[in-house]
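Close look at the chain arrangement
If you want the building blocks of each chain, they are given just below.
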Amino acid sequence: MDINKRKSEHITRCTDSGLYDVEPCRNTLFSSIHFLHNPMPELAEEEINTHISFLGYDINLPLFISCMTGGADGGLRLNRDLAKAAQVCHIPVGMGSIRILFDQPELFSHFYLKPYGPDIPVLANLGMIQVRDIQAERIIELIKKLEVQGLVIHLNPGQELFQRNGDTDFRGLKDALSRFCEKAAFPVIIKETGFGIPPVLIDFFISLGIAYVDLAGKGGTNWVTVESYGLPDHLYNAAGEFDTWGFPTCLLLDLCDKKYPGILASGGLRTGHDLAVSLALGACAGGMALPFIRAVHAGGVEKVCSFVEEIEKTLRSVMVLSGVRDIPGLKNVPLWREPSYIQLLDSLKKAVYR
């Protein structure tokens, strides 16, 4: 299938919630973790500092617009408006896969977002299979041309298995990533696309000098589901068996136990509370994709900025009511985990570390 058409289908399936349900497993477990209320915090909201440093930039919130789409007719406007909104809100923004540019360089303007976000980190995005199969020098040259602050390399074997004419050979990825990291002179971020990254792989990524690892666990957009809508009935049914596949982001953060300094949390985050919990569990920042693409599709830059303001209000309020002034302080607050959540966490620990 033509990549442009497939990208357009992705946008439609992710934005038309009336026809498509791309979130078949919404139990993210974030609601099972609670902050301890402090009725006398001895703080004023104006004292709260939500700024963090990310890729050499001071940003307003530990929040980023995660990589989504590009290369389709509708993707150009969406990407530009997302970058414009990110600039206004002063948060990082990612773009869809730049894979198409290696075959259709005339679409460069769809991905050249830096003019719309001159004061924020802008991130390019490419699949791990393309990193393996495309000459590193070509990728590096394109990254320089895009003037981005880093490259997000996504891992999406589940999606590829159910994508029409998808890549199904996942051999040699570790060696290819190692070789690429040796040549790349810019920050590299590794992420999943909705099924999560277990701790054993985080150790490997850090050994390569990866700047950040985005866990991107289950609970949000399921890309097997997204692809399934274009499949014949029997394969659509097979895809449905992966509705609950993967690791929830919340449990992955708890498994990491604040051991790793460069963890990003995405995958099912939908609210300011989800972001606050992710930060308290040790994430440097949290990312969202589907809420942003739906916001920009529905109301452009203004709608995206309103959504960011909503998240910021919740985060700042959680910090006041927890008695902490800044993001590092939030990482040290005590949390109350519900018994059912603790049982799940203990069970996963035994399975992962057996």
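A short tour of the structure in this document, coming up. (Residues numbered from 1 in each chain as written. Predicted model: local features only at pLDDT ≥ 70, side-chain atom pairs only at ≥ 80, totals over all residues. Heavy atoms only, no water.)

Attention now goes to the overall build of the chain. Secondary structure summary: the chain contains 15 helices and 12 strands in total. Reported as C-alpha extents along the three principal axes, the dimensions of the chain are approximately 60 × 45 × 45 Å. Look at the contacts in the chain between residues 6 or more apart in sequence, and 78% of them connect residues 24 or more apart. Total accessible area on the chain is roughly 15100 Å²; 51% of this is exposed by carbon and sulfur atoms. A gap of 3 Å separates the mean positions of the 34 positive and 41 negative side-chain charges of the chain. (Helix = DSSP H or I, 4+ residues; strand = E, 2+ residues; numbered from the N terminus. Contact = heavy atoms within 4.5 Å. Areas by Shrake-Rupley, 256 points an atom, 1.4 Å probe, with all protein chains shown as cover. Lys, Arg positive; Asp, Glu negative; His and termini not counted. Charge placed at Lys NZ, Arg CZ, Asp CG, Glu CD.)

The next point concerns the nonpolar core. One recurring pattern in soluble globular proteins is that nonpolar side chains are buried together. The biggest cluster of nonpolar side chains holds 118 residues, and the ones touching the most others in it are Ile98, Phe180 and Phe292. For this core, the element with the most residues is helix H13 (residues 290-322), which contributes 14 residues. Discounting residues that sit within four places of it in the chain, Phe180 has contacts with Val131, Ala136, Ile139, Ile140, Leu151, Ile153, Phe186 and Val188. Membership of the second largest hydrophobic core comes to 5 residues, among which are Phe162, Val224, Leu231 and Ala239. (Core = buried A, V, L, I, M, F, W, Y, C linked by side-chain atoms within 4.5 Å. Buried < 20%, exposed > 50% of the residue type's maximum accessible area, 1.4 Å probe, protein only.)

Take unusual backbone geometry next. Here the phi dihedral of His90 falls at roughly 60°; this positive angle occurs in a residue that is not glycine. Of note, His90 is situated in the loop between helix H2 (73-89) and strand E5 (93-94). Judged by relative accessible area, which is 21%, His90 ranks as partly exposed. For Ala216, which is not glycine, the phi dihedral falls at a positive 45°. Secondary-structure assignment places Ala216 in the loop between strand E9 (212-214) and helix H9 (223-228).

Time to look at the packing of aromatic side chains. Between two aromatic rings, the relevant description is the distance of the centres plus the angle of the planes. Taken as a whole and judged by the stated rule, the model has 9 aromatic pairs. Pairing Tyr229 with Tyr236 gives two aromatic rings, centres 6.0 Å apart and planes at 55°, and the pair type is tilted. We classify Tyr229 as partly exposed; its relative accessible area is 26%. Classification of Tyr236 as partly exposed rests on a relative accessible area of 36%. Considering the side-chain rings of Phe292 and Phe307, the 5.3 Å spacing of their centres and the 80° angle between planes classify their relative orientation as edge-to-face. Connected via pairs of aromatic rings, a cluster forms that spans Tyr20, Tyr229 and Tyr236. Sitting over the ring of Phe108, Lys145 keeps its end group 4.8 Å from the ring centre. (Phe/Tyr/Trp six-rings, centres within 6.5 Å; stacked < 30°, edge-to-face > 60°. Lys NZ or Arg CZ within 6 Å of the ring centre and 35° of its normal.)

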